[in-house]
Amino acid sequence: ACIYGELGGLQDVAAHLTDVDVWGINVYRGKGFGDMFDVYARLTSKPMFLGEYGADAWDARFNRENLQAQAEATRDLTQEIVQHSSVTGGVCVGGFVFEFADEWWKDSD
């Protein structure tokens, strides 16, 4: 497996890394993956997984924690992964929630 960022350039990288049998993709597009699964399927026939996905607990709109919104976003993203599962003919073999603890210690305050 090899983890790659967004899909731009993946086709060129995949052409040089022919021994990779499954691609890990890290995308953050908000509350959904958009057309990512369909675009990926057009780029390669190899399966993929989400190397990291999820939502931050911090709600920048209100400058406070919002655990309910984080849970809803993570649930919705997980459901999208399941909808595109290789078990039912899709391209995705799963994903890893990132992360279970927000990185608040990185804030300088």
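Everything here concerns the structure above.
No experiment lies behind these values; they were computed from the predicted model shown.

Residue Asn 63 is not a glycine yet carries a positive backbone phi of 55°. Assignment of secondary structure puts Asn 63 in the loop between strand E4 (58–59) and strand E5 (64–65).

On the secondary structure map, Asn 26 appears in strand E2 (residues 23–26). On the basis of relative accessible area, Asn 26 is assigned to the partly exposed category, the value being 21%. On a C-alpha basis, the gap between Asn 26 and Ile 3 in space is 7.3 Å, while along the polypeptide they are 23 residues apart. Engagement of the side chain of Asn 26 in a polar contact is seen with the backbone nitrogen of Gly 51, the distance being 3.5 Å. Separated by 3.1 Å, the side chain of Asn 26 and the backbone nitrogen of Glu 52 make a polar contact.

In this section: the layout of surface pockets. There is about 270 Å³ of room inside the largest pocket. Elements supplying a minimum of two residues to the lining of the largest pocket: E4 and helix H3 (67–83). Sort the elements by how many residues they give to the lining of the largest pocket and H3 lands first, with five residues. Broken down by class, the residue content of the lining of the largest pocket amounts to 11 nonpolar, four polar and six charged.

So, about the pattern of salt bridges. Under the defined criterion, the tally for this structure stands at three salt bridges. For the salt bridge of Arg 29 with Asp 35, the shortest nitrogen-to-oxygen distance reads 3.3 Å. For Asp 35, a relative accessible area of 43% puts it in the partly exposed group. A salt bridge links Asp 76 to Arg 75, with the shortest nitrogen-to-oxygen separation between them at 3.1 Å. Classification of Asp 76 by relative accessible area gives partly exposed; the value is 25%.

A few words on H3. Compared with an ideal rise of 1.5 Å per residue, which puts 17 residues at 24 Å, H3 spans 24 Å between its outermost C-alpha atoms and is within 8% of the ideal. The complete set of buried residues in H3 reads Gln 70, Ala 73, Thr 74, Leu 77, Glu 80 and Ile 81. Seen along its axis, H3 keeps its buried residues to an arc of 120°; they face one direction. Projecting away from the buried face of H3 at angles above 90 degrees are the exposed residues Gln 68, Val 82 and Gln 83. Summarising the contacts, the buried residues of H3 are in contact with helix H2 (36–43), strand E3 (48–53) and strand E6 (92–97).

Rules and cut-offs
- Residues numbered from 1 in each chain as written.
- Predicted model: local features only at pLDDT ≥ 70, side-chain atom pairs only at ≥ 80, totals over all residues.
- Heavy atoms only, no water.
- Helix = DSSP H or I, 4+ residues; strand = E, 2+ residues; numbered from the N terminus.
- Buried < 20%, exposed > 50% of the residue type's maximum accessible area, 1.4 Å probe, protein only.
- Polar contact = N/O pair within 3.5 Å; in protein donor to acceptor, adjacent residues only side chain to side chain.
- 1 Å grid on protein atoms, 1.4 Å probe; cavity = no way out; pocket = protein on both sides within 12 Å on 5 of 7 lines; lining within 4 Å.
- Points joined across faces, edges and corners; volume = space filled by probe spheres on them.
- Nonpolar A, V, L, I, M, F, W, Y, C, P; charged D, E, K, R; others polar.
- Salt bridge = Lys/Arg side-chain N within 4 Å of Asp/Glu carboxyl O.
- Expected span 1.5 Å × (residues − 1).
- Arc of directions from axis to C-beta.
- Contact = heavy atoms within 4.5 Å.

By themselves, these observations are geometric and do not establish any function.
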